Each structure stands twice: as structure tokens, then as C-alpha cells.
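Each chain is listed here by its residues.
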Amino acid sequence: MGKTRFGKFETAPLNPDFIPSLHEPTQQILWIGCSDSGFQETTILDLLPDEMMVHRNIGNMIIEGDLSCETTVKYAVTVLGVRHIVVCGHYGCQIVKATSRDGLQGPWQSKLDSLHSTNKDAISQLPETEHDRTFVQLNVLDQLRSLRQFPEVVDAAKSGNLQLHGIVYDTHTGEASRLLEDVEARI
Ligand SMILES: [Zn+2]
């Protein structure tokens, strides 16, 4: 599986040693995953469970005003001093879908609606089977942008102590991909 490109980002295969294990029970990663992934995708990296702090919610989303998520991010960065934040989406997600967002409410629905509205023309150019999969990728990148709204995240990243990563997992193939953004797309 090689690189594929859509808009301002590419996907590339994820190697299990992408984030090297410290082999010690020190939390170095905040993992933000989806509640309905149906799989412990934290195991796709060769890391000890103790090396991760895991936060799950519907759609692996960073919503402004979500106290649980915001507190978790700030705690992980400022108290634990994690070196990595991973936002992991998954293909087949029943929440993050280009085709339907029925049943969601409030900011979760409006954030996904806005993301879809921004990208619907580009998505429509793709084969229909790729619509939901691409939207899952776009949603992960959108959450990375939201993470960069945290002053704590920006400061840690600027000092070289924190990296953000977007990952998408495919339960059918067992493969994971990294999402590689263009620098200008990060703004
Ligand atoms: Zn999901």
C-alpha cells in the first residue's frame, strides 16, 4: 500500500513502531479514539498499555466546550507531559459519515455538517465507495486543527516536546494509515 492523495493531505502506511516504545510505564501518548470503533486500535502500535492515556467519544472529536475532552487534553499535555497526541478514526464509523449524520445533536452535528459542506464538492468527485472513508480522514484532520486551538498544545509543540498525529484504522484489513498534511493546510 503506497501513498494516496486527496486535497491537501496524503495517506501513508503506519508502521507499528511509528512511535517507539519507551518500555516503561510512563504515559507518553494521549490517544483520542471513537466510541464505536469496536476494536482496541490502540494495539496497532507496539506500545505498552501503560504508555497511553486513552480518551474516547463519539466520532473521536474535539468539541469546543466539551469539558471532559478539554480537561483530558490539558491534563495530558501540562501534567503528564505527553510527547504525542494521536487522533484515530476508523473506516466503517457509524457516526462520521459523509452520507448521513442523522441522530447526532448540537455541536457534534454542526461540526460534521460544516466539515461536509466545505468538502462535499471534492468528495463528490470520488467513487461512491470512498465518500465515507474520505470523510473519516477529513474528520481526523479537522480534530488536529481543533487541537491546535489549545494554547497548551501550541506551546508544547513549539518547544518540540509534542507531536500531533492523525491515524485511520481499517478493521476489515487490519491496516492503519497515517494522514500527512501539507504544512499550509495546518493553519
Ligand atoms: Zn466511530
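Criteria and thresholds
Every residue gets a number counted from 1 within its own chain, in the order that chain's sequence is written. Since the coordinates come from a predicted model, pLDDT governs what is reported: local features require at least 70, and pairs of side-chain atoms require 80 or more to be given and counted, while whole-chain, interface and lining totals use all residues. Helix and strand definitions here come from DSSP, where helices need a minimum of 4 consecutive H or I residues and strands a minimum of 2 consecutive E residues; each element is numbered from the N-terminal end. Only C-alpha atoms enter the radius of gyration; for comparison, a globular chain is expected to reach 2.2 Å times N to the power 0.38, where N is the number of residues. To assign burial, the other C-beta atoms lying within 10 Å of each residue's own C-beta are counted, with C-beta atoms placed from the backbone; 20 or more indicates buried, 12 or fewer indicates exposed, and intermediate counts indicate partly exposed. UniProt positions are given in the numbering used here, feature names are shortened, and annotations may be inferred rather than shown by experiment. Any residue pair is listed as a contact if its two C-beta atoms, each placed from the backbone, are within 7 Å. Two strands pair if DSSP finds at least two bridges between them.

## Some points on the overall build of the chain
Step number 1: What the chain contains, in helices and strands, is 4 helices and 7 strands.
Step number 2: In the chain, the succession of α and β elements from N to C terminus is β-β-β-β-α-β-α-α-α-β-β.
Step number 3: In terms of overall size, the chain behaves like a compact globule, its C-alpha atoms giving a radius of gyration of 16 Å where 187 residues would be expected to give roughly 16 Å.
Step number 4: With respect to the principal axes defined by its C-alpha atoms, the chain has extents near 45 × 35 × 35 Å.
Step number 5: Expressed as a percentage of its 187 residues, the buried residues of the chain come to 33%.

## Focus on the UniProt feature "binding site: Zn(2+)" (unreviewed entry) in the chain
Step number 1: Sequence positions flagged by UniProt for "binding site: Zn(2+)" (unreviewed entry) are, in local numbering, Cys34, Asp36, His90 and Cys93. Across 60 residues in sequence, these annotated residues keep their C-alpha atoms within 9.1 Å of one another, forming a single compact spot.
Step number 2: By the element assignment, His90 lies in strand 5 (residues 84-90).
Step number 3: If we skip the residues at most four places from it in the chain, His90 touches Cys34, Ser37, Glu41, Val136, Val168, Tyr169 and Thr171.
Step number 4: Counting through the fold element by element, Cys93 comes out in the loop between strand 5 and helix 2 (106-124).
Step number 5: With 23 C-beta atoms packed within 10 Å, Cys93 lands in the buried category.

## Points about the environment of Gly174
Step number 1: Its place among the elements puts Gly174 in the loop between strand 6 (163-170) and strand 7 (175-181).
Step number 2: The exposure class of Gly174 is exposed, given the 9 C-beta atoms found within 10 Å.
Step number 3: Sequence separation between Gly174 and Ile44 is 130 residues; the distance between their C-alpha atoms is 8.6 Å.

## Side note on the pairing of strand 5
Step number 1: Counting buried residues along strand 5, 6 of its 7 residues qualify, which places the element largely inside the surrounding structure.
Step number 2: Relative to strand 6, strand 5 runs parallel, the two sharing 7 bridges. Residue pairing in the sheet places His90 in a bridge with Tyr169 of strand 6.

## Observations concerning unusual backbone geometry
Step number 1: One non-glycine residue, His23, lies in positive phi territory at about 55°.
Step number 2: Relative to the assigned elements, His23 resides in the loop between strand 2 (9-13) and strand 3 (29-34).
Step number 3: The residue Asn60 is not glycine, and still its phi comes out positive at about 40°.
Step number 4: As for its position among the elements, Asn60 is in the loop between strand 4 (52-57) and helix 1 (67-80).
Step number 5: Residue Asn60 is classed as buried on the basis of its 30 C-beta neighbours within 10 Å.

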